[in-house]
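# Topology and contacts: notes
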Amino acid sequence: MKNVLVVYYSQSGQLKDIAQNIALPFLNDDEIRLDFYAIEPQNDFPFPWDNASFFGVFPETFRQIPQEIKIPPQNILTTDYDLILFHYQVWFLSPSLPVTSFLKSSYAGEILKNKAVVTINGSRNMWALAQEKVKKLLAENQAHLVGNIALTDRNINLVSVVTIVDWLFSGIKRKAYGIFPLPGVSDKEIKESSKFGKVIKKHLKSNDYNEMQPALIANGAVEFRWFLISMDKKANKMFKAWSTLILKFPGQRVFLLKCFKVYLFIAIWILSPIVHLIELILYPLRYFSIQKQKKYHQGI
Ligand SMILES: Cc1cc2nc3c(=O)[nH]c(=O)nc-3n(C[C@H](O)[C@H](O)[C@H](O)COP(=O)(O)O)c2cc1C
């Protein structure tokens, strides 16, 4: 008998849906016991979001300052799991604050130590550097990363900005203004994600994860857009400066968060298209380094 734990946090239910679909092949197997654990913050975040809460969560999320979470159920803390399917979403280029709070809690050590972990993220599209942060926290908990799946909104970057803002601030997954595509990971991709569960199950049963990541990649597990990696790196530098400034002057927090919002608007709508254009021109010169990056980010 193999024990598998599915860890997740989800506001809209998208990541829960992904978690349930990936877990489907495990559910119908007598040799596998499956538990679900939803991370619960002591003070949960609003959904739909309002302006103040959305930008207000930025400094602590980016600086990975943990908040209190509720104690996981006793059976989750005491079961010796063979495999953990660890789902997270990205907030401000970092793992979401509830997920960071779990990974930095003492419970994470109890659950994850010496365990094989597959990370699964469901985000808009900028997940790559957040995954590096998750890898670091998993290593601090002495977990062994054996696979990674990154599910994203496959639409054009700026289109997905419009649609996700509409979704997060209305709470409804709908066609923004009646003309835009649906936000988030597509329903088709969510439904089909049980194929990843099949691949993972095979490797769980043979207790050998060596060839699992290439098999997941062959099934489309990790979308790589080179332009987004470069934006992610640049934005991480700017977010570091902004979060330091905001946390250094708590008395000016509201004003500085408003300035950050203006910066973000300019960065997304003016700077990112310019950078994209420059990167496109430089693409032939950077071809080999981009291929190297692709290999790295599609690996574990
Ligand atoms: C505060 C906040 C910040 C976010 N920042 C990012 C981001 O930097 N990159 C990204 O790809 N998605 C970002 N997202 C989208 C989430 O990763 C996720 O796709 C969405 O919130 C749905 O997740 P859910 O399952 O919790 O509902 C952000 C969402 C929120 C609420």
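Look up: the structure comes first, before these words.
These figures come from a predicted structure and were not determined experimentally.

## Overview of the sheet that holds strand β1 (residues 2–8)
- On the basis of which strands lie adjacent, the open sheet formed by 5 strands has the order β2-β1-β3-β6-β7 and parallel pairing. The sheet is open, and its two edges are formed by β2 (32–38) and β7 (144–151), each paired on a single side. Taken pair by pair, the neighbouring strands of this sheet meet at an average axis angle of 15°, ignoring direction.
- Two elements, β1 and strand β3 (residues 83–88), share 4 bridges in a ladder whose sense is parallel.

## Quick notes on a nonpolar patch on the surface
- A contiguous nonpolar patch, built from Val262, Phe265, Ile266, Trp269, Ile270, Leu271, Ile274 and Ile278 and spanning about 730 Å² of accessible area, is present on the exposed surface.
- Of note, Ile278 is situated in helix α13 (residues 253–298).
- Residue classification places Ile278 among the partly exposed residues on the basis of a relative accessible area of 45%.

## Description of the pattern of salt bridges
- Scanning all chains against the criterion turns up 15 salt bridges.
- Close ionic contact of Lys234 with Glu279 constitutes a salt bridge, the shortest N to O distance being 3.3 Å. Taken together, the residues span a long stretch of sequence, with Lys234 in helix α12 (residues 226–248) and Glu279 in helix α13 at a distance of 45 residues.
- Looking at Glu279, the relative accessible area reads 8%, which means it is buried.
- Through salt bridges that share partners, Asp29, Glu31, Lys201 and Lys205 make up one connected network.

Criteria and cut-off values
Residues numbered from 1 in each chain as written. Predicted model: local features only at pLDDT ≥ 70, side-chain atom pairs only at ≥ 80, totals over all residues. Heavy atoms only, no water. Pairing = 2+ DSSP bridges. Helix = DSSP H or I, 4+ residues; strand = E, 2+ residues; numbered from the N terminus. Axes fitted to C-alpha atoms, helices over the stretch in contact; angles between N-to-C directions. Patch = residues over 30% accessible without salt bridge, like charges linked within 9 Å, V, L, I, M, F, W, Y side chains within 5 Å. Areas by Shrake-Rupley, 256 points an atom, 1.4 Å probe, with all protein chains shown as cover. Salt bridge = Lys/Arg side-chain N within 4 Å of Asp/Glu carboxyl O. Buried < 20%, exposed > 50% of the residue type's maximum accessible area, 1.4 Å probe, protein only.

Taken by themselves, the reported measurements are silent on function.
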